[in-house]
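Per-entry structural report
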Amino acid sequence: MELKDQHIIKTVNLNIGYASKKKVNTIASNLNIELGKGKLVCLLGKNGIGKSTLLRTLTKVQPALSGEIFINNNNLKTLNSIDLAKSLSLVLTEHLPESNLTVYELVALGRQPYTNWVGNLSETDLQFIDNALEQTNTKHLINSKYYELSDGQLQKVVIARALAQNTDLIILDEPTAHLDIHHTVETFALLKQLAKEFNKTIIISTHEINLALQLADILWLMMPSNFMADTTENLIENNCLDQLFESELISFNKTLKQFTVSNSY
Amino acid sequence: MGILLLIFIVNISLGSVYIPLKQLFLAFINGEVEKESWRSILFDYRLPKAITAIIVGSGLSISGLLMQTLFRNPLAGPFVLGISSGASLGVAILILGSSFLGATAAGYAFSNWGQAIAASVGSFLVLSAVMLAAIKVRNTMSILIIGLMFGSLTASVISVLAYFSSANQLQQYLFWSFGSLGNLSWNEISSLLVVFLIGITFVIFIIKPLNSLLLGENYAKSMGVNVKRTRNLTLISTSLLTGVITAFSGPIAFIGLAVPHLTKLLFSTSNHKILVPAVAISGAIIMLICDSIAQLPTSEYTLPINAITSLFGAPIIIWLLVRKRKINY
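Figured I'd write up the structure that's included with this text. (Residues numbered from 1 in each chain as written. Chains lettered and ligands numbered in written order. Predicted model: local features only at pLDDT ≥ 70, side-chain atom pairs only at ≥ 80, totals over all residues.)

1. Let's talk about the overall build of chain B
A count of helices and strands for chain B gives 16 helices and zero strands. Nonlocal contacts in chain B, meaning residues at least 24 apart in sequence, comprise 79% of its contacts between residues at least 6 apart. (Helix = DSSP H or I, 4+ residues; strand = E, 2+ residues; numbered from the N terminus. Contact = placed C-beta atoms within 7 Å.)

2. Looking at the overall build of chain A
Across its full length, chain A carries eight helices and 13 strands. For chain A, the spread of C-alpha atoms along the three principal axes comes to 55 × 40 × 40 Å. Relative to its 265 residues, chain A shows a buried fraction of 39%. Looking at chain A alone, contacts between residues at least 24 apart form 66% of all its contacts between residues at least 6 apart. (Buried ≥ 20, exposed ≤ 12 C-beta atoms within 10 Å, placed from the backbone.)

3. Digging into the interface of chain A and chain B
Residue-level contacts link 23 residues of chain A with 23 residues of chain B. Sorting the residues of the side of chain A that touches chain B by element identifies α2 (81-87) and β7 (88-91) of chain A as the ones contributing at least two each. Top element by residues in the side of chain A that touches chain B is α2 of chain A. It accounts for four residues. The residue inventory of the side of chain A that touches chain B, partitioned by class, reads twelve nonpolar, eight polar and three charged. (Nonpolar A, V, L, I, M, F, W, Y, C, P; charged D, E, K, R; others polar.)

4. A word on the packing of helix α3 (residues 36-71) of chain B against helix α13 (residues 227-249) of chain B
Residues and elements named next belong to chain B. One way to put it is that α3 packs onto α13 with a least axis distance of 9 Å and a crossing angle of 150 degrees. Here the hand of the crossing between α3 and α13 comes out left-handed. For the pair formed by α3 and α13, the contact residues are T52, V56, G59, L60, I62, S63, L66, M67 and L70 on the first element and R231, T234, S237, T238, L241, T242, I245 and S249 on the second. (Axes fitted to C-alpha atoms, helices over the stretch in contact; angles between N-to-C directions. Left-handed = near helix turned anticlockwise from the far one by under 90°.)

5. Some words on the sheet that holds strand β8 (residues 169-173) of chain A
Residue and element names in this part refer to chain A. If you trace the six strands from one edge of the open sheet to the other, you get β7-β8-β9-β4-β10-β11, paired in mixed fashion. Each of the sheet's edge strands pairs with one partner strand only, and the pair in question is β7 and β11 (227-231). Strand-to-strand twist in this sheet, taken as the mean axis angle between neighbours without regard to direction, amounts to 15 degrees. Pairing of strand β4 (residues 40-44) with strand β9 (residues 201-205) involves four bridges; the strand directions are parallel. Opposite L40, over in β9, you have I202 as the bridge partner. Across the face of the sheet, helix α1 (residues 51-58) comes into contact with β4, β8, β9 and β10 (218-222) while running at roughly 150 degrees to β8. The strands touched by helix α5 (residues 151-164) are β7 and β8; relative to β7, the strand with the most contacts, the crossing angle is about 170 degrees. (Pairing = 2+ DSSP bridges.)

6. Looking at the nonpolar core
Counting residues in each nonpolar core, the largest one holds 153 residues, and the members touching the most others are V41 and V107 of chain A. Take this core: its biggest share by element is 13 residues, from helix α15 (residues 272-294) of chain B. (Core = buried A, V, L, I, M, F, W, Y, C linked by C-beta atoms within 7 Å.)

7. Points about the environment of V279 of chain B
In this fold, V279 of chain B is placed in helix α15. A sequence separation of 17 residues divides V279 of chain B from L262 of chain B, and the C-alpha atoms of the two residues are 8.6 Å apart.

8. A look at α1 of chain A
Residues and elements named next belong to chain A. Within α1 the residues assigned to the buried category are K51, L54, L55, T57 and L58. Projected down its long axis, α1 carries its buried residues within an arc of 160 degrees, all on one side. Taken from the residues just after α1, K60 is the one with a positive phi, measuring 65 degrees. (Arc of directions from axis to C-beta.)

9. Considering unusual backbone geometry
Residue and element names in this part refer to chain A. Even without glycine at this site, E174 takes up a positive phi of about 40 degrees. Looking at the secondary structure, you find E174 in the loop between β8 and α6 (181-198). Among the residues examined, E174 registers 18 C-beta atoms within 10 Å and is labelled partly exposed. In this structure, K257 takes a positive phi of about 55 degrees despite not being glycine. Taking the number of C-beta atoms within 10 Å as the measure of exposure, K257 has 14 and is therefore partly exposed.

10. A short note on the environment of I171 of chain A
Residues and elements named next belong to chain A. Mapped onto the secondary structure, I171 falls in strand β8. A tally of 25 C-beta atoms within 10 Å means that I171 is categorised as buried. Once residues within four sequence positions are removed from consideration, I171 is found in contact with L55, L58, T59, L88, L90 and I203.

11. As for the environment of A216 of chain A
All names here are of chain A. As for its position among the elements, A216 is in the loop between α7 (209-215) and β10. Classification of A216 by C-beta neighbours within 10 Å gives buried; the count is 26. Sequence separation of A216 and T138 is 78 residues, and the distance between their C-alpha atoms is 24 Å. Among residues more than four places away in sequence, those in contact with A216 are L40, V41, C42 and T232.

12. Concerning the pairing of β9 of chain A
Residues and elements named next belong to chain A. Most of β9 sits inside the fold, with five of its five residues counted as buried. Side chains of β9 alternate between two faces, with T201, I203 and S205 and I202 and I204 buried alike. The pairing of β8 with β9 spans five bridges and is classified as parallel. Paired with I171 across the bridge in β9 is I203. What joins β8 to β9 is α6, and the crossover it makes is right-handed. (Right-handed = clockwise from strand over helix to strand, strands pointing away.)

13. Section: the packing of α3 of chain B against α15 of chain B
Residue and element names in this part refer to chain B. At a closest axis distance of 7 Å, the pairing of α3 and α15 adopts a crossing angle of 135 degrees. One element, α3, and the other, α15, form an angle in the oblique class. Both α3 and α15 take part in a crossing whose hand is right-handed. Contacts between α3 and α15 pair K49, A50, A53, I54, V56, G57, S58, L60, S61, I62 and L65 from the former with L275, V276, V279, A280, S282, G283, A284, I286, M287, L288 and D291 from the latter. Its residues placed into classes, the contact of α3 with α15 shows 15 nonpolar, five polar and two charged. (Parallel < 35°, antiparallel > 145°, perpendicular 65-115°, else oblique.)

14. So, α6 of chain A
Residue and element names in this part refer to chain A. In a regular helix each residue adds 1.5 Å, so 18 residues correspond to 26 Å; α6 covers 25 Å between its end C-alpha atoms and thus fits that length. Among the residues making up α6, those that are buried are T187, F188, L191, L194 and A195. Projection of α6 onto a plane perpendicular to its axis shows the buried side chains occupying an angular sector of 120 degrees, all on one side. Facing away from the buried side of α6 by over 90 degrees, the exposed positions are I181, H182, A189 and E197. (Expected span 1.5 Å × (residues − 1).)

Structure representation (structure tokens):
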């Protein structure tokens, strides 16, 4: 059933930030985001602007100050943790704690929301794990311990785990922070392919602006005064990208569709 | 399992009185033994001790495994929650403070049940304090530190008590702190066993969430795991297992810390579905071996079990680490 107003994620008058007894620190206010299936979204903004706060709020790690979030048309507030895990999977920046897990076991953990109380894998679970390994091209690694992998391989495996969780929405927090340019491009290409071929909605927070400009369907720009969400073409057309960094050092070159270092330096 | 059975037989065949193996089997099969005293030694002394060793070994090892996974820290053991310090405090107050408490307390101070109850009450109180603090803090690492702080707190109270006690009382306390597997009646063993089984039942229910905790609390949450509930269940089962064991056999060191590492090195896995039973069996085997060594000098004397566990366990762990170079928790 493909309804026209079927949103994978939607926010209504969302205010995000931190509230303590003494004061409320609003990071961003009045966010109205709508996102459909199969979109690759890049969340851009300078350090400390609140990208992580936004992602943490969207994933129910921290509460919203006010406003509503809907995931698959369900209000995030009323969604229980298992149902949330079935509609939203995460790839985090943090390093995994050390353990003896093999790549296969790590990917299989993605099936936890679906397995029974002892965690036995059913035929369906095995199929999803297999697909996830196939889609990320990590099948040859299944018997390796994950600490033996390179950063590039590990990133693919962690994405495979998110895929095994079989959610419409995957959110990645700076997935390419530790990677060289080759693996960064490879990771972005993989995510683009997952969005296109398997109709996943993927939100990435990233500092790889030039890659984001080339690959993302939609950009979310977080700036001190406002938040903009639109297709890459529209944002370029309306000269919105210039406001992303309030700096003399870098500016957006409309013809190259890239950020460049200003000539004076 | 086979090794466990073999060690079990070796363990009960050893002791200050020599009993031929043939007689041993006969005693178990049809209850007939040449000498009545052998029968009494077997069923009233050696068998209870071997069973205690199995429960103590596997209980402490499982607790250690749970703590290491929960705190994602290889140095965590069953005693990080202040259970051992609480039990020590209870027993210390009973034995060292008995002169202040009066004649009735002095009578209890030297009985098994008296010490067991003092240990239980002590560990329950300290554990409750740690748990109350644990509810207040979100960070799992902070709980670890709070547990350690309570440990040094009780240690200093015990020092003060020890300073004012007689040599006789000190010796009595020291003997308790050496740990002991013997001297338990069948009655005491059955209470030990019941609490042990309750603790294990809790453990079975947290095997799945513990596996997802291997990726860290944030990933576990994102996979629908109720981290707080898992944490509380882990703390409850650990305190049941460690608490009852410490109450009856004293603070037995090293096993809870070392056996999980040993098992992880041997099995090279982090999957708790394999690790929990593997750790339980290894713990039982190692405890039986330690107990066999403790009574090996076929003399009247039995060495303190705490000395044996560390004396033989520590070099093995060091050797394994140097050989394999990598340890994971």
